[in-house]
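Listed here are the chains, written in short residue letters.
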Amino acid sequence: MIVTTRMNRLLDVDPHARVAWVEPGVLNLDLTRAVSHLGLHYAPDPSSQQACTIGGNVATNAGGPHCLAAGVTSAHVLAVDVVLADGEVVRLGGLAPDIAGYDLRGCFVGSEGTMGIATRVAVRLTPDPPAVATMLCAFDSIDAAASTVTGTIAGGVLPAALEMMDARITAAVEDFVGAGYPRDAQAVLLVEVDGLDRGVSAQVDAVREIALTNGAVSVRIAADDAERALLWKGRKSAFGAIARIAPDYYLHDAVVPRTRLVEVLRRVYEIADAHQLITMNVFHAGDGNLHPLIVFDRREPGVWERVYDAGSEILTTCIAAGGVLTGEHGVGIEKRDLMPLLFSPDDLDAQARLRDAFDPDGAANPLKVLPRGSRCGELQRVPDGAWI
Amino acid sequence: MTASAVQAIAASVANADAVVPVGTRTQWETGNPSGEGLQISAPAGITRYEPDDLTISVGAGTSCAVLDATLAAHGQECALDPRDRAATVGGVIACGVSGIRRLRHGPLRDHVLEVRFVTADGRVVKGGGPTVKNVTGYDLPRLLVGSFGTLGVLVQLTLRCRPRPAHARWFRAPEPTDRFRAAATLWDGRHTWILLEGDESDIETQSSGLYPSEAPQLPDGEHRGRISVAPGELPALGRDLDALPGARWCAELGVGTVHVAGDDAAALGRARAAAHDHDGWLLREAGAAEMDGFGRPLPNAELMRRVKDAFDPARKLAPGRLPL
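Every value quoted in this text rests on a predicted model; they were computed, and no experiment measured them.

Draft legend 1. How the structure looks around the overall build of chain A. In terms of regular secondary structure, chain A is built from 12 helices and 16 strands. Relative to the globule expectation of 21 Å for 388 residues, the C-alpha radius of gyration of chain A, 21 Å, shows essentially globular dimensions. Expressed as lengths along the three principal axes of its C-alpha atoms, the size of chain A is roughly 60 × 55 × 35 Å. Burial statistics for chain A: of 388 residues in total, 54% are counted as buried.

Draft legend 2. Examining the overall build of chain B more closely. For chain B, the helix and strand inventory stands at 9 helices and 17 strands. In terms of overall size, chain B behaves like a compact globule, its C-alpha atoms giving a radius of gyration of 20 Å where 324 residues would be expected to give roughly 20 Å. Projected onto its principal axes, the C-alpha coordinates of chain B cover approximately 60 × 50 × 30 Å. Looking at chain B as a whole, 56% of its 324 residues are labelled buried. Relative to all contacts within chain B whose residues are 6 or more apart in sequence, the contacts with residues 24 or more apart total 66%.

Draft legend 3. Spotlight on the packing of helix α5 (residues 142-154) of chain A against helix α7 (residues 197-213) of chain A. Residue and element names in this part refer to chain A. α7 packs onto α5 with a crossing angle of 140° between their chain directions and a minimal axis gap of 9 Å. Between α5 and α7, the crossing angle belongs to the class labelled oblique. Between α5 and α7 lies a crossing of right-handed hand. Here Thr148, Gly151 and Thr152 of α5 lie close against α7, whose contacting residues are Val207, Ile210 and Ala211. Classifying every residue of the contact of α5 with α7 by side-chain character gives 3 nonpolar, 3 polar and no charged.

Draft legend 4. Structural view of the domain arrangement of chain B. All names here are of chain B. Under the domain assignment, chain B is made up of domain 1 (3-163) and domain 2 (167-286). A C-alpha centroid distance of 26 Å is found between domain 1 and domain 2. The interface is formed by 10 residues belonging to domain 1 together with 14 residues belonging to domain 2. For the side of domain 1 that touches domain 2, the per-class residue count stands at 2 nonpolar, 3 polar and 5 charged.

Draft legend 5. Expanded view of helix α8 (residues 225-236) of chain A. Residue and element names in this part refer to chain A. The first and last C-alpha atoms of α8 sit 16 Å apart over 12 residues, in line with the 16 Å expected at 1.5 Å per residue. Among all positions of α8, only Leu231, Trp232, Gly234, Arg235 and Lys236 are buried. Contact partners of the buried residues in α8: β8 (131-139), β9 (161-166), α6 (167-177), β10 (187-195) and α9 (238-241).

Draft legend 6. Fine view of the confidence of the model for chain B. For chain B, per-residue confidence averages 95 on the pLDDT scale, and residues scoring 70 or more make up 100% of the total. Predicted as a complex, the structure gets a pTM of 0.96 and an ipTM equal to 0.96.

Draft legend 7. Structural context of the domain arrangement of chain A. All names here are of chain A. What the domain assignment reports for chain A is domain 1 (10-127), domain 2 (131-240) and domain 3 (246-320). Using C-alpha coordinates to define each centre, domain 1 is positioned 29 Å away from domain 2. Taken together, the contact between domain 1 and domain 2 spans 5 residues of the former and 9 residues of the latter. Tallied by class, residues from the side of domain 1 that touches domain 2 come to 3 nonpolar, 2 polar and no charged.

Draft legend 8. Broad picture of the packing of α5(A) against helix α10 (residues 261-274) of chain A. Residue and element names in this part refer to chain A. Viewed as axis vectors pointing N to C, α5 and α10 meet at an angle of 150°, and their least axial separation amounts to 8 Å. The two elements α5 and α10 cross, and the hand of that crossing is right-handed. On α10, the residues touching Ile142, Asp143, Ala146, Ser147, Val149 and Thr150 of α5 are Leu261, Val262 and Leu265. Split by residue class, the contact of α5 with α10 holds 6 nonpolar, 2 polar and 1 charged.

Draft legend 9. The interface of chain A and chain B, seen in detail. Counting from both sides, the interface comprises 65 residues of chain A and, opposite them, 62 residues of chain B. At the level of elements, β5 (89-93), α4 (104-108), α5, α7 and α12 (345-358) of chain A are the ones that each hand at least two residues to the side of chain A that touches chain B. The dominant element in the side of chain A that touches chain B, judged by the number of residues it contributes, is α12(A), at 9 residues. By residue class, the composition of the side of chain A that touches chain B is 31 nonpolar, 22 polar and 12 charged.

Draft legend 10. Local environment of the nonpolar core. Counting residues in each nonpolar core, the largest one holds 213 residues, and the members touching the most others are Val123(A), Cys137(A), Val188(A), Leu189(A), Val153(B), Leu154(B) and Ala271(B). Setting aside residues up to four positions removed in sequence, Leu154(B) forms contacts with Pro21(B), Ala42(B), Ala60(B), Gly90(B), Ile93(B), Ala94(B), Val115(B), Phe117(B) and Leu144(B).

Draft legend 11. Here's a closer look at helix α1 (residues 3-15) of chain B. Residues and elements named next belong to chain B. Between its first and last C-alpha, α1 extends 19 Å over 13 residues, near the 18 Å set by a 1.5 Å rise per residue. Every buried residue of α1 is accounted for by Val6, Ile9, Ala10 and Val13. Along α1, the residues classed as buried sweep out an arc of 100° about the axis, all on the same side. Among the exposed residues of α1, those oriented more than 90 degrees off its buried face are Ser4, Ala11 and Asn15. Where α1 is buried, its residues contact β1 (19-21), β2 (38-40), β6 (112-118), β7 (124-128) and β8 (153-160).

Draft legend 12. The arrangement of the environment of Pro24(A) in detail. Residues and elements named next belong to chain A. Of note, Pro24 is situated in the loop between β2 (19-22) and α1 (28-35). For Pro24, a count of 22 C-beta atoms within 10 Å gives the class buried. Residues Pro24 and Ala241 lie 217 residues apart in sequence; the distance between their C-alpha atoms is 28 Å.

Draft legend 13. Structural context of the sheet that holds strand β4 (residues 77-83) of chain A. Residue and element names in this part refer to chain A. Reading across the sheet, the 5 strands line up as β1-β2-β6-β4-β5 and stay open at both edges, with antiparallel pairing between neighbours. The open sheet terminates on both sides in strands that have one partner only, identified here as β1 (10-14) and β5. Adjacent strand axes in the sheet meet at a mean angle of 15°, parallel and antiparallel pairs treated alike. Bridge analysis of β1 against β2 gives 4 bridges, and the strand direction is antiparallel. Opposite Asp12, over in β2, you have Trp21 as the bridge partner.

Draft legend 14. Structural detail: the sheet that holds β9(A). Residues and elements named next belong to chain A. Spatial ordering of the open sheet is given by β11-β8-β10-β9-β14-β16-β12, a layout of 7 strands whose pairing is antiparallel. Across the chains shown, the open sheet's two edge strands, defined by having one partner strand only, are β11 (216-221) and β12 (248-251). Averaged over neighbouring strand pairs, the angle between their axes works out to 20° when direction is ignored. Pairing geometry for β12 and strand β16 (residues 292-296), over 4 bridges, is antiparallel. Bridged to Tyr249 within β16 is Val295. Against the sheet, α7 engages β8, β10 and β11, with an angle of about 160° to β10. This element, α8, spans β8, β9 and β10 of the sheet and lies at about 55° to β8.

Conventions we followed
Residues numbered from 1 in each chain as written. Chains lettered and ligands numbered in written order. Predicted model: local features only at pLDDT ≥ 70, side-chain atom pairs only at ≥ 80, totals over all residues. Helix = DSSP H or I, 4+ residues; strand = E, 2+ residues; numbered from the N terminus. Rg over C-alpha atoms; globule rule 2.2 N^0.38 Å. Buried ≥ 20, exposed ≤ 12 C-beta atoms within 10 Å, placed from the backbone. Contact = placed C-beta atoms within 7 Å. Axes fitted to C-alpha atoms, helices over the stretch in contact; angles between N-to-C directions. Parallel < 35°, antiparallel > 145°, perpendicular 65-115°, else oblique. Left-handed = near helix turned anticlockwise from the far one by under 90°. Nonpolar A, V, L, I, M, F, W, Y, C, P; charged D, E, K, R; others polar. Domains from an automatic or database assignment. Expected span 1.5 Å × (residues − 1). pLDDT = per-residue confidence, 0-100. Core = buried A, V, L, I, M, F, W, Y, C linked by C-beta atoms within 7 Å. Arc of directions from axis to C-beta. Pairing = 2+ DSSP bridges.

Right, here's the structure in full:
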């Protein structure tokens, strides 16, 4: 096991080029804090950004609320210094916009440690937007909130962030941090738009109109930075707040086309009901990136099986709706054996070939991502001394 | 685009000793010259368009003009922006050539969600997925962008679209600047052009001190190339290029791409040497037939060779296009 959490130095910040070189153990939020006085930030902002590292973000190609308009990690990583499985050190990508030959940087980002270990990362820093508006739209049904998401994207508005929370989440968050979410709504949307003044106000008007048309009971616009920060604190504290409901949760991560949100969400609640489980939903609605949480108490006999079955049904539902297995958390072991739901044997073989080119012996994070038998005629083994 | 058309391509590729994917030849000279082989053209046409999800799937042989017209009818766009809109979507993506609005809209590789391609042994493979966000499996779409057809024959692509900006206007600025939230900022050493997109009154407010302008023309000619250099090197590189006889150039500020045209092949060669001095490189786009398309050994050539061998061990796809 190789741990990089103590490789946590911010090596260099170039405010003119808007590039920072960091070690993989730097915490995501620490990077943004370190450059905020320059009017810059690091755009990918996972909800766990107080605790997650840039190295981990690179490994999973992490997303976050503001990746809707800004793009996920791969769009913000310019270069990575990597130790390959055979010990060779290479620099993938660079500060020039294009690289001669194959985009190996693009392959590495999101490869979950199976292509090597990042030791230094050059990230793009983003100028803070001149104007920002944060809105909270409340609805008396999940359907109405989901329809508003679909309607917003279809209406030609691409907000900076578009997050959805159901009533169970907002209740837990209110008890936990008091973010000012309405307690009588079945669902809320947290919508942020940014840019220049008039463009922002035009987008605010458009979102308000779409929300009201779809049955919003209230639309509130944060009056100042403090209110904005509180609304976001609620969203980013959601997972901590869940501990108030039940001791355990199983968090899923799947993506569906934005046009299918209403029906898929309905089905998610039905599946949980059928298994006598409680699901809570807080997710990146604008991307169609669902995060159904199933909350439970592991001391209850037989509950694990029900949680697992419900989770599998939810994923199958998402795939059937034209979705994918994971939007930002990765495959790892958990979803490895579900890969054939999305990929044919030939598709998996192509991915296995790419992985083999980086790591022919399969020593880097072995047995992750691709199911056994992905490579025609492969012989998979666990390297000596490897932890899986 | 029919499945049978793709299957026919797969069968042809499987049976050929060498395969050269070909579109409309608008970028035929980009990169290294191609060797001989069976020429394969990908199917054209819109396979599936979900305007409400901002995604579109097209045959790789679809022209960028058709793609743009289809999206424009729904107030959307995909900022591929090739020099010649007759270029096929597959050709643009295979060459990995980003458009001049990259500053605002990001590089080409960020627009591609899913790829379908025919492998060297004639199988049809899908990489990526149809949703706007996806980390399921390895990022084959990014690998295929800029691979010049050497890893597979692209047959279908799913792209991310965006709402078309309400307004877009070019301006001239008195000096190079990154003060604006511009879609593009071009600089040729004497003039600076800025493309502003968005709300009309925001453009009005932002453009105080700027002069309305026609869209600038990128340097053109028989011998062309594009330099890729860290954006911080542009002022110094610009001075060096200005000192070269027979070279005209225009740089994308904030990006690091420099479009260069030479009066003759030697002038393009001198521009390439200048790029190397600034730790950049020049991709030959047209003319200068004797010029190696990349001009210097590829970085990580050994690792790239392993990738090439993994996908095309017999070296039959687009022979010669990448100097590996």
